[in-house]
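Examining the three-dimensional arrangement
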Amino acid sequence: MANILIVEDEMMNRSMLELTLLQAGHNVACAADGATALAIAQQQPPDLIITDVLMPVMDGFELCRQCKADQALKQVPVILYSSDYVEQQEQQLGLELGACRYLVKPSPPQLLLAAVNEVLAEQQSLTLLGAELELDEEMKLLRNYNEVLFNKLEAKMQELQQTIAEQKKYEESMKAMQAQIIQQEKMASIGQLAAGVAHEINNPMGFITSNLTSLGKYAERLDTYIAALQKSLYECPGHPGLEELDQLRQKLKVDYIISDVNELINESLDGANRVRRIVQDLKSFSRVDQAEKSRTNLNDCLETTINIAWNELKYIATLERRFGNIPEISCNPQQLNQVFLNLLVNAAQSMEQQGGITVTTWSEPGQVCVSIADTGKGMPKEVQERIFEPFFTTKPAGKGTGLGLSISADIIRKHQGEISVESEPGRGTTFTVRLPVEEP
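As a starting point, this report considers the structure included with it. (Residues numbered from 1 in each chain as written. Predicted model: local features only at pLDDT ≥ 70, side-chain atom pairs only at ≥ 80, totals over all residues. Heavy atoms only, no water.)

Concerning the overall build of the chain
Of the regular secondary structure elements, the chain holds 12 helices and 12 strands. A total of 440 residues make up the chain; the buried ones form 38% of that total. When the accessible surface of the chain is totalled, it reaches about 26,200 Å², and 54% of it is carbon and sulfur. (Helix = DSSP H or I, 4+ residues; strand = E, 2+ residues; numbered from the N terminus. Buried < 20%, exposed > 50% of the residue type's maximum accessible area, 1.4 Å probe, protein only. Areas by Shrake-Rupley, 256 points an atom, 1.4 Å probe, with all protein chains shown as cover.)

Things to note about the pattern of salt bridges
Applying the stated criterion across every chain, the model contains 8 salt bridges. With its nearest N and O atoms 2.9 Å apart, the salt bridge here joins glutamate 62 to arginine 65. Within this pair, glutamate 62 and its partner arginine 65 are both found in helix α3 (residues 60-69), separated by 3 residues, close to a single helical turn. Salt-bridge contacts for glutamate 303 lead to arginine 321; the nearest nitrogen and oxygen are separated by 3.1 Å. Of the two residues, glutamate 303 is situated in helix α9 (residues 298-313) and arginine 321 in strand β7 (residues 317-322); the sequence distance between them amounts to 18 residues. Classification of glutamate 303 by relative accessible area gives partly exposed; the value is 27%. Bridged by salt links that share partners, the residues Arg101, Glu118 and Glu122 form one connected network. (Salt bridge = Lys/Arg side-chain N within 4 Å of Asp/Glu carboxyl O.)

Concerning helix α12 (residues 404-414)
Structurally, the α-helix is built with 3.6 residues per turn, so residues lying three or four positions apart point the same way. Of all 11 residues in α12, 8 are buried, a share of seventy percent or more. Along α12, the positions that sit buried rather than exposed are Leu405, Ser406, Ile407, Ser408, Ala409, Asp410, Ile411 and Ile412.

A closer look at the sheet that holds strand β3 (residues 48-51)
One open sheet holds the 5 strands; their spatial order is β2-β1-β3-β4-β5, and the pairing between them is parallel. Strands at the two margins of the open sheet, each flanked by one partner only, are β2 (27-31) and β5 (101-104). When strand polarity is set aside, the average angle formed by the axes of neighbouring strands in this sheet is 20°. Note: strand β1 (residues 3-7) against β3, 4 bridges, orientation parallel. Within β3, the position partnered with isoleucine 4 by the bridge is leucine 48. The strands that helix α5 (residues 109-125) touches are β1, β3, β4 (78-82) and β5; relative to β5, the one it contacts most, it runs at about 175°. (Pairing = 2+ DSSP bridges. Axes fitted to C-alpha atoms, helices over the stretch in contact; angles between N-to-C directions. Contact = heavy atoms within 4.5 Å.)

Points about the nonpolar core
Across soluble globular proteins, you tend to see nonpolar side chains buried next to one another. Judged by nonpolar contacts, the single largest core of 40 residues is most densely connected at Leu298, Ile329, Leu336, Phe340, Leu343, Ile357 and Val359. Counting residues per element, this core draws most heavily on helix α10 (residues 333-349), which supplies 9 residues. (Core = buried A, V, L, I, M, F, W, Y, C linked by side-chain atoms within 4.5 Å.)

The structure is reproduced here in C-alpha cells:
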C-alpha cells in the first residue's frame, strides 16, 4: 500500500483514477492543478505522483521539474498521464525532466496498476540521486519544455477554432431550416384558410348562379306574356283603357326594362361565373391534400397562379401569355404554384413604373421550361450570385425575409429541376425554370 498523489484538472478523469487506485488498496490524495499538488507534496511527500500534463496554474511538466529541484521531493517518482497530442518530443521531454513513465490516458485499469506497481518496486531498489542538472542542461530542458507546451496549446487552439466554426455553421443551418419550416407552416396555414374561405364563398355563389338562371327564364316568360297581352289590347281599338295603358307603359319605360333586364341578368351570370372560377383557382392553388405528385400541365398551373396574383399585377404591369404546347409532368402542383406566384410577385415589385411581364412555356428534349420575364429595374451581377441564398434580400427592412427565392429554389431542386436567372440593371430580369418530363 502506497501514498499516491493524483494531479488532474478534469473531475471525471480524476474520480476514475482515484477509484482505481483505492480499489487496489492505496491511499490517495487529489489536486486539480500543479501548484496545489506541489503544496500538498511539500507538506507530506507521497510515495508516487501521477499528474496530467496540460493543466491551469501549473502544468505537469513544471510540477515534475519543481519536484525534482526540491531536495525533499526529488526522489518521489512521477508518472506523466496525458491524453492527446502525445509526440515523441513530448515524451522525451517528460523523461528528461525526471518522470519515470509517460502513460496515455485513458489507460485500462490493469495497465495503469501494472505501471504503478512497477514504479513503486523500482523505487524501493533505487538509491538517492544527488547530482543536479547542469545549467546548460536546464536551459535545454526549458527550451524543449516551452516548445512542447506551445505545440500542445497550438493544437488545442486549432481544435477549438474548428469546433467554433462547426458550431457556427450548424447554428446557421439550423436557423435557415427553422425559418423554412416556419415559412412552410405559414403557407400551409394560409392554404387551409384560403381553402376554407373558398368553400364558404362557393356555397352562396351556387344558389346565386342558380337563382340568376331561373330569373332569366322568368323574365323571358314575363316578356312573352306582356307581348301577348299588348297584342290582345291592340286588337280591341275601342277599349276604354288602351290610351291610358300606353301612356303608363311609356312613363314606366317598360320596353327599356324588358330589353335591359335580360342584359343585366346575363352580366350578373357572367360575374358570378367569374367569381366561381376565381374561387376554384383559389381552392386549387391552396389545396393542402395534394401531398403526392400528379400528372399536371404547367400551363394550367400558371393560369391558376396568374388569376390569384392578378390583383397584385394589374395596376403595375401588362401581362402577356406565350403558352406553348407542352407535355404533362409529374409534380406537386401546389408547390409549383407557390414558386410561380413568388416569381410573378417579385416581377411586379421590381417595376418602378408601368411595365410588362411575359410568361412563356416551351418544351425541350426531356424537359418543360417556364420563363417569367419583366421589364423592371434588373439586378447587378453580385446580387444575382446571392439571390437564392436564405435571408438575402434587396428589399428594405421589414419588407422581405429573403426566403421566397430560397424556398422556390429548394422546391425546384426537390422536383429534380433547375432555376436560373438572367438580369441586367435597367433592362429587366428573366427567371427560367426547367423541370424533367419524367422522374429520374
